[in-house]
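Chains, contacts and geometry: an overview
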Amino acid sequence: MAEILKLRGSPALSAFRLEKLHARLAEVAPGARVIGTEFWHFVETAHALDARERSMLDQLLTYGDPMAVAPTKGDMYLVLPRIGTISPWSSKATDIARQCGLPAVQRVERGIAYYIAAPAARRDEIAAVVHDRMTETVVADLSGAEQLFRHFQPRPLASVDLLARGRAALEEANRAMGLALSGDEIDYLLENFRAIGRDPTDAELTMFAQANSEHCRHKIFNASWIIEGKAEENTLFGMIRETEKTNPQGTVLAYSDNSAIMEGREIERFYPDAAGRYAYHREATHTLMKVETHNHPTAISPFPGAATGSGGEIRDEGATGRGAKPKAGLAGFSVSNLRIPGFVQPWENYLPSPPAPLPEGEGSVERFAETWVGKPSRIASALSIMLEGPIGAAAFNNEFGRPNLAGYFRAFEIESDGELRGYHKPIMIAGGVGNIAARDSFKLGLPEGSLLIQLGGPGMLIGMGGGAASSMTTGSNTEDLDFDSVQRGNAEIERRAQEVIDRCWQLGDANPILSIHDVGEGGLSNAMPELAHGAGRGARLALRAVPSEEPGMSPREIWCNEAQERYVLAIAPADLEAFRAICARERCPFSVLGEATLEQQLILADERFANKPVGSRHHLGRGVPARIAPSHRGRQDLSHQHRRSHRWRPVRARSFRRAVADAGGRLRRDCIGIRRIRRRSLLHGRARAARVDRRAGLRAHGGGRGLDQPGGGAGGFVAREAFGKLDGGGRARGRGRGTVRHGARGGAGAVPGAGHQHPGGQGFAVDENLMGRVGEEKGGGLTALAHRLRVRALRRRAPRAHAATAAGCGRKRTDSDRCRARQEPPRRLHPRAGVRAGRRCRA
């Protein structure tokens, strides 16, 4: 007979964490104090444990210093894993117990008991502080923990009465289930199911919604664009793909698998062979890369949301081709202004005044500001995201065994036309690189009868409708559905699944994997059709073959939940036993769900209720293309934003300007407005004349006087290099602009107000914003920053180039008469900007 054990553990929080908790409690419940915290363990066993088994279990669950006396004051707030889910800690602890000789242990869970003295009326507010609604539940006593192990009878399939009620039935289901269907998609479903002559099941509608979500299909990027009445030829995605289409050098695979692959070379890789012996294997190996967003879960709960974002990106890398190896990761975050308490910056202070008095329970202006900018209260603040999100992403990478080496952070808000815009729904970027054997870069076709397998952890009641929820406008979904759409990460199980994938591709030509995809947004309802449809096959699947932790889940919940750490893959029937041995060695669960068929139809059968939760042709999941007619508000004057940002000392610093300049070129497109930095920090008095980089053959002439002085005019430059002559202004006189510009491939042109003109050659583009306004600004001449960028670009493009006439060499040379250059100590070209000239040319 099953038994539930309740065992006390050690203190749960350190003094530092208790201090932080007190500070948070003071905002919602002044005077509330934490008397103590402690771990509690809850163990479900198949039968009563004997003395040996109980002693071993006690040893496993003894860690840290036990509390001498249990707190006797304060109300208990017992924080448990969310009911219906299994925590990552539980998965690891249960497996350890079984490996230690405790087969009777079915599940071990852990909770934290908080003993808090506070007014009873504040219980809900306090509960919100001590737990994360996305992944945890709060109960009042130890008996409430038994809900973790409560099992229910399987719930039956449901359907939507479309044939009788028409469009109204679909619209009601759309709202109730948070499907985020557009009007076109509702019409599309109505038309197709009327043609089929039956009502859709709730599993089919959820499956369709996830497959057609913005998160999955990138409908905006793939939409047809109509701008000012004219239909654009390419979609946004088409424009991106055009680059690879016209210039595919080094591209092995792009826009068609879980990761992109670029050409590598033959290298030696260290891994075990089929006999288990480690050795170096010389083989052609490519580099793969992937970046994706995980915005919605990070907005709801930053730590686990960002963790599952990194976990999903790792699975994408591993599921590329016929199996690959993730190597290193990155994580980035774009959020609204942080508004750090006690350190609010001037540009963060433009919000309207909060109401007086503040709503009860808000406690402080800083806390009220989180909801005061128009975002739902369930969305985490920017500060919370930046304190917890990066740690969550790094934690999953570390536990999986992959270093997180890079990332970025940006905070931004702007008030425009009476609206406050910002990253209230954050952007969380998860990315990484890996490698893949050249022979495994492409998925293979699936012969009829190929086995379709789920690899990894069991399904559970989490992540319902995550793809649709993440594609909706922030706050437009109901709060309960937002929290139902969340996920949880278990890096341990994902590591085991990756070890199985590694053992398979390390077999070389005997790799049993024909095709593989990760299970993410939409769960199996998205991954299995993708696996079959990508190979031009149909599938027959058994719903009850799907491993599930909660037997009471409905067919829709089994088929569509987004429980993490899962893959789907196809193997030949003859390879099943070898694959089973690999999974047993790595202790990674798997299950055969069905087989591939020649008919272009997906059939999901439920033997328990003798029905078919899904019975549709593949095209029903493709949906309808999006159409977008964007509106334009016109150009905005951001000069005041530039000036305000440059009052901040870190932005004003020279090192910051250099970093932005090095980041890649068109400074005028960066929001910091480099060219509006005060001229004094860029120019050293009047422009210096005849500054020469002899190695690149660049001669710069600057106007020596301002426009308001007699003889003043536009400064210019004359540049020659190996690719041809560039346009340039001569020694101009007059009041012309004197800006310099020429096309990327050259072309004759005159500079307004210039005294000379030069025919263009195959030079690279120089934009007037990079060069600065030469002649309209006081003093004229090249700005030091622009000069430095140009010198750097010339060195990159023509490291051995010399001018036809080397200034300072003292004699003319022909093409065959090469100048011998030697390295000399660099000299400063512009003292304040720190620009340096490189080599000096000598005859």
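Residues numbered from 1 in each chain as written. Predicted model: local features only at pLDDT ≥ 70, side-chain atom pairs only at ≥ 80, totals over all residues. Heavy atoms only, no water.

1. What about the overall build of the protein chain?
When helices and strands are counted, the protein chain shows 25 helices and 31 strands. Within the protein chain, buried positions represent 49% of all 843 residues. (Helix = DSSP H or I, 4+ residues; strand = E, 2+ residues; numbered from the N terminus. Buried < 20%, exposed > 50% of the residue type's maximum accessible area, 1.4 Å probe, protein only.)

2. Description of the sheet that holds strand 2 (residues 33–45)
Read from one edge to the other, the open sheet built from five strands follows the order 1-2-4-3-5, with strand pairing classed as antiparallel. Because the sheet does not close on itself, it has two edges, and the strands there are strand 1 (3–11) and strand 5 (136–139). Along the sheet, successive strands turn relative to each other by an average axial angle of 30 degrees, direction set aside. Pairing geometry for strand 3 (residues 75–81) and strand 5, over four bridges, is antiparallel. Across the sheet, Leu80 pairs through a bridge with Thr137, a residue of strand 5. Seen against the sheet, helix 3 (residues 88–99) touches strand 2 and strand 4 (105–117) and runs at an angle of roughly 130 degrees to strand 4. Contacting strand 3, strand 4 and strand 5, helix 4 (residues 123–130) runs over the sheet at an angle of about 40 degrees to strand 3. (Pairing = 2+ DSSP bridges. Axes fitted to C-alpha atoms, helices over the stretch in contact; angles between N-to-C directions. Contact = heavy atoms within 4.5 Å.)

3. Some thoughts on the pattern of salt bridges
The full count for this structure, using the stated rule, is 36 salt bridges. A salt bridge links Lys290 to Glu292; its shortest N-O distance comes to 3.5 Å. Among the ionic pairs, Arg439 bridges to Asp440, the shortest N-O distance being 3.9 Å. Using a relative accessible area of 32% as the deciding quantity, one classes Arg439 as partly exposed. By sharing partners, the salt bridges in this structure join Lys325, Arg495, Glu499, Asp502, Arg503, Arg585 and Glu586 into a single network. (Salt bridge = Lys/Arg side-chain N within 4 Å of Asp/Glu carboxyl O.)

4. A closer look at the nonpolar core
With 27 residues, the main nonpolar core has Leu452, Met528, Leu541 and Trp559 as its most contacted residues. Put simply, the parts of the chain that give this core at least two residues each are helix 8 (202–211), strand 17 (513–519), helix 18 (524–534), strand 18 (538–542), helix 19 (555–560), strand 19 (566–571), strand 20 (590–597) and strand 21 (601–606). A total of five residues in this core trace back to one element, the largest contributor, which is helix 18. Residues Val500, Tyr567, Ile571 and Cys588 belong to the second largest nonpolar core, which totals 21 residues. (Core = buried A, V, L, I, M, F, W, Y, C linked by side-chain atoms within 4.5 Å.)

5. Observations regarding the packing of aromatic side chains
Within the structure shown, the criterion is met by eight aromatic pairs. Note on Phe39 and Tyr63: the rings are 6.2 Å apart at their centroids and 50 degrees apart in plane angle, and the pair reads as tilted. Of this pair, Phe39 sits in strand 2 while Tyr63 sits in the loop between helix 2 (51–60) and strand 3, placing them 24 residues apart in sequence. Overall, Tyr63 belongs to the partly exposed group, its relative accessible area being 29%. Where Phe237 meets Tyr255, the ring centres are 5.9 Å apart and the plane angle is 85 degrees; that geometry is what we call edge-to-face. With Phe237 in helix 10 (residues 236–246) and Tyr255 in the loop between strand 8 (251–253) and strand 9 (260–272), this pair connects stretches of sequence that are 18 residues apart. What makes Phe237 buried here is its relative accessible area of 17%. Looking at Tyr255, the relative accessible area reads 38%, which means it is partly exposed. Of the aromatic side chains, those joined through ring pairs into one cluster are Phe221, Phe237 and Tyr255. (Phe/Tyr/Trp six-rings, centres within 6.5 Å; stacked < 30°, edge-to-face > 60°.)

6. Quick word on the state of the cysteines
Applying the stated criterion across every chain yields a total of zero disulfides. Cys504 takes part in no disulfide bond, and the closest cysteine sulfur, belonging to Cys583, lies 7.1 Å away. Looking at Cys583, it has no disulfide partner, and the nearest cysteine sulfur is the one in Cys588, 5.7 Å off. (Disulfide = S-S within 2.5 Å.)

7. A short note on the side chain of Ser450
Take Ser450: it is sitting in the loop between strand 15 (427–437) and strand 16 (451–456). There is a polar contact of 2.7 Å between the side chain of Ser450 and the backbone oxygen of Pro447. Look past the residues within four positions of Ser450 in its chain and what remains in contact with it is Leu514, Ile571, Pro573, Gly594, Glu595 and Ala596. (Polar contact = N/O pair within 3.5 Å; in protein donor to acceptor, adjacent residues only side chain to side chain.)

8. Description of unusual backbone geometry
Positive phi outside glycine occurs at Arg339, with the angle close to 50 degrees. Following the sequence through the fold, Arg339 ends up in the loop between strand 11 (325–335) and helix 13 (365–372). Notably, Arg587 is not glycine yet its phi reads approximately 55 degrees, a positive angle. Turning to its location among the elements, Arg587 is positioned in the loop between helix 20 (576–586) and strand 20.

9. Here's the deal with the sheet that holds strand 12 (residues 404–411)
Taken in spatial order, the six strands make up an open sheet running 8-9-10-15-11-12, and their pairing is mixed. Each edge of the sheet is formed by a strand with only one pairing partner; in this case those strands are strand 8 and strand 12. Looking at each pair of strands side by side, their axes are set apart by 35 degrees on average, direction ignored. In this sheet, strand 15 lies alongside strand 10 (residues 278–293) in antiparallel orientation, the contact comprising nine bridges. Bridge pairing in strand 15 places Thr287 opposite Asn435. On the sheet, helix 12 (residues 302–318) packs against strand 10, strand 11 and strand 15 and is oriented at approximately 25 degrees with respect to strand 15.

10. Digging into the packing of helix 1 (residues 15–28) against helix 4
Where helix 1 meets helix 4, the axes come as close as 10 Å, and the angle between the chain directions of the two elements is 150 degrees. Considering only the axes of helix 1 and helix 4, their crossing is right-handed. Listed contacts from helix 4 to Leu21, Arg24, Leu25 and Val28 of helix 1 are Glu125, Ile126, Val129 and Val130. Its residues assigned to classes, the contact of helix 1 with helix 4 comprises six nonpolar, no polar and two charged. (Left-handed = near helix turned anticlockwise from the far one by under 90°. Nonpolar A, V, L, I, M, F, W, Y, C, P; charged D, E, K, R; others polar.)

11. Focus on a nonpolar patch on the surface
A grouping of Ile220, Phe221, Ile240 and Tyr255 is seen on the molecular surface, where their side chains present a nonpolar patch of about 340 Å² in accessible area. Summarising the element assignment, Ile240 is placed in helix 10. The exposure class of Ile240 is partly exposed, given its relative accessible area of 36%. (Patch = residues over 30% accessible without salt bridge, like charges linked within 9 Å, V, L, I, M, F, W, Y side chains within 5 Å. Areas by Shrake-Rupley, 256 points an atom, 1.4 Å probe, with all protein chains shown as cover.)

12. Regarding helix 1
Counted at 1.5 Å a residue, the expected span for helix 1 with its 14 residues is 20 Å, and the 21 Å between its end C-alpha atoms agrees. Among all positions of helix 1, only Leu21, His22, Leu25 and Val28 are buried. Seen end-on, helix 1 carries its buried residues on one side only, within an arc spanning 120 degrees. Pointing more than 90 degrees away from the buried face of helix 1 are the exposed residues Phe16 and Glu19. (Expected span 1.5 Å × (residues − 1). Arc of directions from axis to C-beta.)

13. Re the environment of Glu292
Looking at the secondary structure, you find Glu292 in strand 10. Expressed as a C-alpha distance, the spacing of Glu292 and Gly431, which sit 139 residues apart in the sequence, is 6.2 Å. Setting aside chain neighbours within four positions, we find Glu292 in contact with Gly309, Gly312, Glu313, Asp316, Met428, Ile429 and Ala430. At 3.5 Å, the side chain of Glu292 forms a polar contact with the side chain of Lys290. There is a polar contact of 3.5 Å between the side chain of Glu292 and the backbone nitrogen of Glu313.

14. Here's the deal with the pairing of strand 15
Taken across its eleven residues, strand 15 has nine buried, putting it largely inside the fold. Across nine bridges, strand 11 lies against strand 15 in antiparallel orientation. By the bridge assignment, Leu330 is partnered in strand 15 with Gly431.

15. With respect to the confidence of the model for the protein chain
Looking at the protein chain, the pLDDT average stands at 75 and 66% of residues meet or exceed 70. Every residue in residues 659–786 scores below 50 in pLDDT, and together they form 271 contacts with partners more than four places removed in sequence or on other chains. (pLDDT = per-residue confidence, 0-100.)

16. Topic: the environment of Ala380
Structurally, the position occupied by Ala380 is in the loop between helix 13 and helix 14 (382–400). Measuring from C-alpha to C-alpha, the distance between Ala380 and Ala299 comes to 5.5 Å, with 81 residues separating the pair along the chain.

17. Some points on helix 17 (residues 491–505)
Counted at 1.5 Å a residue, the expected span for helix 17 with its 15 residues is 21 Å, and the 21 Å between its end C-alpha atoms agrees. For helix 17, the buried fraction is high: 14 of the 15 residues fall into the buried class. Its side-chain oxygen placed 3.2 Å from the backbone nitrogen of Glu492, Asn490 serves as the N-cap of helix 17.

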